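Chain by chain, the residues run as shown.
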Amino acid sequence: MSTKLQGVRGMNDLLPEEAERWEAFEEIVRDWLRSYGYRPIRTPIVEYTKLFSRGVGEHTDIVEKEMYSFEDRLNGEHLTLRPEGTASCVRSVIEHNLIFQNPQRLYYSGPMFRHERPQKGRYRQFHQVGVEALGFAGPDVDAEHIVMCRRLWDDLGLDDVELQLNSLGDAAERATHRTELIAYLEKYQDQLDEDGKRRLYANPLRVLDTKNPALQEIVEAAPKLIEYLGEASLKHFEAVQALLREAAVPYRINPRMVRGLDYYNRTVFEWTTTRLGAQATFCAGGRYDGLIEQLGGKPAPACGFAMGMERVMLLWQEGLDAGPLVSPDVYVVHQGEQAAPFAFRSAELLRSAGFAVVFHCGGGSFKSQMKKADGSGAAYAVIVGDDEAAAGQVALKPLRGEGEQQAVTPEALVELLADRLYGE
Ligand code: ATP
Ligand code: MG
């Protein structure tokens, strides 16, 4: 026997039970997105590497150490498996001229790739649902994003979640802050780690984003960007907060929050929980008014957010009972040469009428087939032997709860099942 093959570390299989939960989650998410007027966009998983180095930022964890980048052997192109969705979404919208007539409310969902150390809630292939509002400048859309998150957490029954909010101001405000921050960090240059030293001049704001516990004290006392905000940025930030208060969404201002990607300005937010260990943030986003221009589009404001589906699923599943979510309405059991084709046709008839039907394949005694029927979670078994087939009938037998076995024609079965499953 040859050796067993394994999946790639940090890239997970979703087995049927879990995959069904994901589908149930995706349905809730789709309804929720529709209820706010967001429309889907699907972009490729592979993009040119420079989209992310330009879009996400050269001096970010993602671009410096986490991307799966490779050279196409056939034409030497530099390509990357997408580590996030915003850059691709903006690239696509610019390329296809989507926003310059009308602003757009868009969402995407799918796998992202980052080479990180796998642990609970942190994988190398993970999934995000992302929401982008392109072409909207006002604070109302920032608040819309936060309020819609709150609604989803409520729909999913998540508690123990906290909203952290900050403003990163505009480019000029960040420039003033940057000078002060560099001056401050220079005093601690010897104590900074390798990342910190490298980013000190290249992108000092990123130093504040460190996860190194040894640097927390230094970072805590650093000049806060929020104290450098001018009138317009403050007004925008105030307006977002007023709308949140209006919607009764509690928040905490965290002046240290800078987000891990370079494209943000003004409002940034993170939803955190204490229940996922170090992977505390399960949804994050904010405004990125400069990105469209930076990626070659006509300047236009934008904001958005992304949630990590694995992390949200971990939180959601805590509150759910185990056991299969999805089971067929009917399991068709049959034995005999005449019975098989008759049962096969009857199963198709039921499916045409909208029922979920599993047809037994692989033979075996009635008894062993009935065991399979029971194990499938189906509400009813439809039983066909040669005698029934000769009489043009099938037998309907309830597998859960009360009820007699009943012989009917396949056409009458449709009525009977509808009545049993959906009648009072
Ligand atoms: P973290 O600080 O946990 O590394 P991040 O700031 O890199 O997160 P974002 O780029 O903002 O994350 O991505 C948005 C969301 O995607 C995160 O809040 C998280 O829920 C999820 N996410 C990010 N990286 C991973 C990963 N490697 N595995 C699973 N989920 C992830
Ligand atoms: Mg990260």
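Residues numbered from 1 in each chain as written. Chains lettered and ligands numbered in written order. Predicted model: local features only at pLDDT ≥ 70, side-chain atom pairs only at ≥ 80, totals over all residues. Heavy atoms only, no water.

In the nomenclature of an unreviewed UniProt entry, the protein chain corresponds to Histidine--tRNA ligase from the organism Uliginosibacterium aquaticum. The Subunit (unreviewed entry) field of the UniProt record for the protein chain holds the comment "Homodimer." In the Subcellular location (unreviewed entry) part of its UniProt record, the protein chain is described as follows: "Cytoplasm". (UniProt positions renumbered as here; feature names shortened; annotations may be inferred.)

Student: Is there a simple way to explain the site of ligand 1 in this structure?
Tutor: The immediate surroundings of ligand 1 are formed by 17 residues, with R114, E116, R122, K211 and R259 found nearest. Contact distances for ligand 1 include 2.8 Å between an oxygen atom and a side-chain N or O atom of R122. Within the contact set of ligand 1, an oxygen atom lies 3.2 Å away from a backbone nitrogen or oxygen of F282. Coverage of ligand 1 by the protein chains reaches 91% of its 590 Å² of free accessible surface. Top contributing element to the shell around ligand 1 by residue count: strand β10 (residues 281–287), with 4 residues. Considered class by class, the residues forming the shell around ligand 1 number 7 nonpolar, 4 polar and 6 charged. (Near = heavy atom within 4 Å. Polar contact = N/O pair within 3.5 Å; in protein donor to acceptor, adjacent residues only side chain to side chain. Areas by Shrake-Rupley, 256 points an atom, 1.4 Å probe, with all protein chains shown as cover. Helix = DSSP H or I, 4+ residues; strand = E, 2+ residues; numbered from the N terminus. Nonpolar A, V, L, I, M, F, W, Y, C, P; charged D, E, K, R; others polar.)

Student: What is the right way to read the layout of surface pockets from this model?
Tutor: One way to see where empty space is left: roll a probe the size of a water molecule over the atoms. Of the volumes computed, that of the second largest pocket is approximately 400 Å³. Along the walls of the second largest pocket sit 23 residues, with R174, N203, L205, D262 and Y264 positioned nearest its centre. Contributing elements (two or more residues each) for the lining of the second largest pocket: α6 (171–186), α8 (204–207) and α11 (291–294). Of the residues forming the lining of the second largest pocket, the biggest block, 5 residues, is contributed by α6. (1 Å grid on protein atoms, 1.4 Å probe; cavity = no way out; pocket = protein on both sides within 12 Å on 5 of 7 lines; lining within 4 Å. Points joined across faces, edges and corners; volume = space filled by probe spheres on them.)

Student: How should the sheet that holds strand β4 (residues 78–81) be read in this particular structure?
Tutor: Through backbone hydrogen bonds, the strands of a sheet pair up, either in parallel or in antiparallel fashion. A sheet is described by the order of its strands in space; here 3 strands give the open sequence β2-β4-β3, paired in antiparallel fashion. Strands at the two margins of the open sheet, each flanked by one partner only, are β2 (46–48) and β3 (68–71). The sheet shows a mean angle of 35° between the axes of neighbouring strands, taken without regard to direction. Where β3 and β4 come together, 4 bridges link them in antiparallel fashion. The residue of β4 that forms the bridge with F70 is L79. (Pairing = 2+ DSSP bridges. Axes fitted to C-alpha atoms, helices over the stretch in contact; angles between N-to-C directions.)

Student: Hey, could you run me through helix α10 (residues 231–246) in this one?
Tutor: Helical geometry: 3.6 residues make up each α-helical turn, so side chains three or four residues apart lie on a common side. Helix length check: α10, at 16 residues, gives a terminal C-alpha distance of 22 Å against a target of 22 Å (1.5 Å per residue), a fit within 8%. Residues of α10 that are buried make contact with α5 (139–156), β7 (161–167), α6, β8 (252–253), β9 (265–273) and β10. One or two residues past the end of α10 sits A248, with phi positive at roughly 55°. (Expected span 1.5 Å × (residues − 1). Contact = heavy atoms within 4.5 Å.)

Student: What am I meant to see in the sheet that holds strand β15 (residues 394–398) here?
Tutor: What the 5 strands build is an open sheet, ordered β13-β12-β14-β15-β16; its pairing is mixed. The sheet is open, and its two borders are formed by β13 (357–359) and β16 (406–408), each paired with just one other strand. Going across the sheet, the axis of each strand differs from the next one's by a mean of 25°, ignoring polarity. Pairing of strand β14 (residues 380–385) with β15, which is carried by 4 bridges, proceeds in the antiparallel orientation.

Student: When you look at the environment of T60 in this model, what are you seeing that I'm missing?
Tutor: Turning to its location among the elements, T60 is positioned in the loop between α2 (49–55) and α3 (61–66). Only 3.2 Å separates the side chain of T60 from the backbone nitrogen of V63, close enough to count as a polar contact.

Student: Sorry if this is basic, but what is going on with the side chain of Q104 here?
Tutor: Note on placement: Q104 falls in strand β5 (residues 104–113). From its side chain, Q104 meets the backbone oxygen of L98 in a polar contact 3.2 Å long. Not counting residues up to four positions away in its chain, the partners in contact with Q104 are L98, I99, E132, A133, L134 and F136.

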